[in-house]
Amino acid sequence: MFKSVLEQDLAPVILCDLNHTIVYMNPASIKKYGADLTGKSIFDCHNDKSIQMIKKVVEWFQSSESHNRIYTSRNEKQNKDVYMIALRNENKELIGYYEKHEFRNVETDALYNFSNLK
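A brief look at the structure comes next. The structure presented is a predicted model; accordingly, all values stated were derived computationally and were not measured.

1. Examining the nonpolar core
At step 1: With 15 residues, the main nonpolar core has Ile42, Phe61, Met84 and Tyr97 as its most contacted residues.
At step 2: Here the element with the most residues in this core is helix H3 (residues 48-63); it accounts for five residues.
At step 3: Beyond its immediate chain neighbours, meaning those up to four positions away, Met84 contacts Ile54, Val57, Val58, Phe61, Asn68, Arg69, Ile70, Thr72, Tyr97, Tyr98 and Glu99.
At step 4: Counting residues in hydrophobic clusters, the runner-up holds six residues, among them Tyr24, Tyr83, Ile85 and Tyr98.

2. Re the packing of aromatic side chains
At step 1: All told, the structure shown has two aromatic pairs when counted by the stated rule.
At step 2: Relative to Phe61, the ring of Trp60 has its centre 5.8 Å away and its plane inclined at 45 degrees; by these criteria the two rings are tilted.
At step 3: For the pair Tyr71 and Tyr83, a centre-to-centre distance of 5.4 Å together with 45 degrees between the ring planes defines the contact as tilted. A residue pair is termed long-range when its members are at least 10 positions apart, and Tyr71 in strand E3 (residues 69-75) and Tyr83 in strand E4 (residues 80-88) qualify at twelve residues.
At step 4: For Tyr71, a relative accessible area of 46% translates into the label partly exposed.
At step 5: Over the face of the ring belonging to Tyr83 we find Arg69, whose NZ or CZ atom lies 3.8 Å from the ring centre.

Rules used in this analysis
Residues numbered from 1 in each chain as written. Predicted model: local features only at pLDDT ≥ 70, side-chain atom pairs only at ≥ 80, totals over all residues. Heavy atoms only, no water. Core = buried A, V, L, I, M, F, W, Y, C linked by side-chain atoms within 4.5 Å. Buried < 20%, exposed > 50% of the residue type's maximum accessible area, 1.4 Å probe, protein only. Helix = DSSP H or I, 4+ residues; strand = E, 2+ residues; numbered from the N terminus. Contact = heavy atoms within 4.5 Å. Phe/Tyr/Trp six-rings, centres within 6.5 Å; stacked < 30°, edge-to-face > 60°. Lys NZ or Arg CZ within 6 Å of the ring centre and 35° of its normal.

Put into structure tokens, the structure is as follows:
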């Protein structure tokens, strides 16, 4: 059930483990990046400054179980805010992280528009 939530999300979702290996990409992220990068290091597609910030955020996540979300960037062109989110197990131990894109555009589709259903 949880995988289906990610599969249907229109925003890119890439989950990483604590070794910074990509363990899952949803269809939107594969489309955006043009390839399934599962099994690769997230560091392979970031510059040195970004790598250092990712490491710093993961250290912050590890420092307290209440540290779970941090604002990382704003993209005016795409009208979105970007966050890093901690992934924790049932014991609240950090097991990974992902980047969350929150688009701020107003929806243009009609409410309950069933006409696009097949």
